[in-house]
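# Secondary and tertiary structure notes
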Amino acid sequence: MRLETCWFCSSNIYPGRGVMFARNDGTVFRFCRSKCHNNFKMKRNPRKVKWTKAYRAAKGKDLTNDTTFELERKRNRPERYNRDVMQKTLKAMERITDIRNQRESRFIANRLKERKRQERKLARKQLDQEIHLVQSPAAAIASTSKEKLKTPVEKVRGRQKMQE
């Protein structure tokens, strides 16, 4: 089963699905759905349409330059079938998908680190600006304990003054 890729959004096209458009000069464009086909006919650039893989790659939102993508490259050379080679290939494919998933998760985590850093910086700035609104728990306990201590002492002093 041969899976083609959509010219516009780069998603997989399964057999019997999608639209094929051939120009007069012989170039063939395959589209996964009418949405992609219509955007192509409207002469939209896939790198400027936010939901395409080309946009995500151009803006650095997806992992693009990874060695595991080399293995998915299309090869038009026929290979002779060998059961042992096929079994090794299938095991290698599973391992490669695991490696790719790990790398993608690391890439996403690194992308999100920058945002967390910015949020922390903004939180610190806001805290510095509005520190007068914040009262520490230790200060609150100290202030209540001072009030409790003041009242008995004042009462005692008041009694001493009255006795004199």
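Cut-off values and rules
- Residues numbered from 1 in each chain as written.
- Predicted model: local features only at pLDDT ≥ 70, side-chain atom pairs only at ≥ 80, totals over all residues.
- Heavy atoms only, no water.
- Buried < 20%, exposed > 50% of the residue type's maximum accessible area, 1.4 Å probe, protein only.
- Helix = DSSP H or I, 4+ residues; strand = E, 2+ residues; numbered from the N terminus.
- Pairing = 2+ DSSP bridges.
- Arc of directions from axis to C-beta.
- Contact = heavy atoms within 4.5 Å.
- Core = buried A, V, L, I, M, F, W, Y, C linked by side-chain atoms within 4.5 Å.
- Patch = residues over 30% accessible without salt bridge, like charges linked within 9 Å, V, L, I, M, F, W, Y side chains within 5 Å.
- Areas by Shrake-Rupley, 256 points an atom, 1.4 Å probe, with all protein chains shown as cover.
- Salt bridge = Lys/Arg side-chain N within 4 Å of Asp/Glu carboxyl O.
- Lys, Arg positive; Asp, Glu negative; His and termini not counted.
- Charge placed at Lys NZ, Arg CZ, Asp CG, Glu CD.
- Phe/Tyr/Trp six-rings, centres within 6.5 Å; stacked < 30°, edge-to-face > 60°.
- Lys NZ or Arg CZ within 6 Å of the ring centre and 35° of its normal.

### Examining the pairing of strand 4 (residues 28-31)
Every second residue of strand 4 is oriented toward a common face, the buried set being Phe29 and Phe31 and the non-buried set Val28 and Arg30. Examined bridge by bridge, strand 3 (residues 19-22) and strand 4 share four bridges and lie antiparallel to one another. Counted as the bridge partner of Ala22 is Val28 from strand 4. The hairpin formed by strand 3 and strand 4 contains five residues between the paired strands, and Gly26 there has a positive phi angle of roughly 100 degrees.

### What to know about helix 1 (residues 34-41)
Burial in helix 1 covers these residues: Cys36, His37, Asn39 and Phe40. Along the axis of helix 1, the buried positions cluster into a sector of 165 degrees, meaning they face one direction only. Against strand 3 and strand 4 lie the buried residues of helix 1. Backbone geometry just after helix 1 places Lys43 at a positive phi near 60 degrees.

### Some thoughts on the nonpolar core
Listed in full, the 10 residues of the largest apolar core are Cys6, Phe8, Cys9, Ile13, Phe29, Phe31, Cys32, Cys36, Phe40 and Val49. For this core, the elements supplying multiple residues, two or more each, are strand 4 and helix 1.

### A word on a positive patch on the surface
On the surface, a cluster of positive charge is made up of Lys113, Lys116, Arg120 and Arg124. Its place among the elements puts Arg124 in helix 3 (residues 83-129). Taking the relative accessible area as the measure of exposure, Arg124 reaches 55% and is therefore exposed.

### Quick word on the packing of aromatic side chains
Taken as a whole and judged by the stated rule, the model has seven aromatic pairs. Ring centres 5.0 Å apart and planes at 45 degrees place the aromatic pair Phe31 and Phe40 in the tilted group. Given the relative accessible area of 13%, Phe40 is considered buried. A connected cluster of aromatic rings, assembled from ring pairs, spans Trp7, Phe21, Phe29, Phe31 and Phe40. Across from the ring centre of Trp51, 4.1 Å away, lies the NZ or CZ of Lys35, which sits over that ring.

So far we have only geometry, and geometry alone does not tell us how the molecule works.
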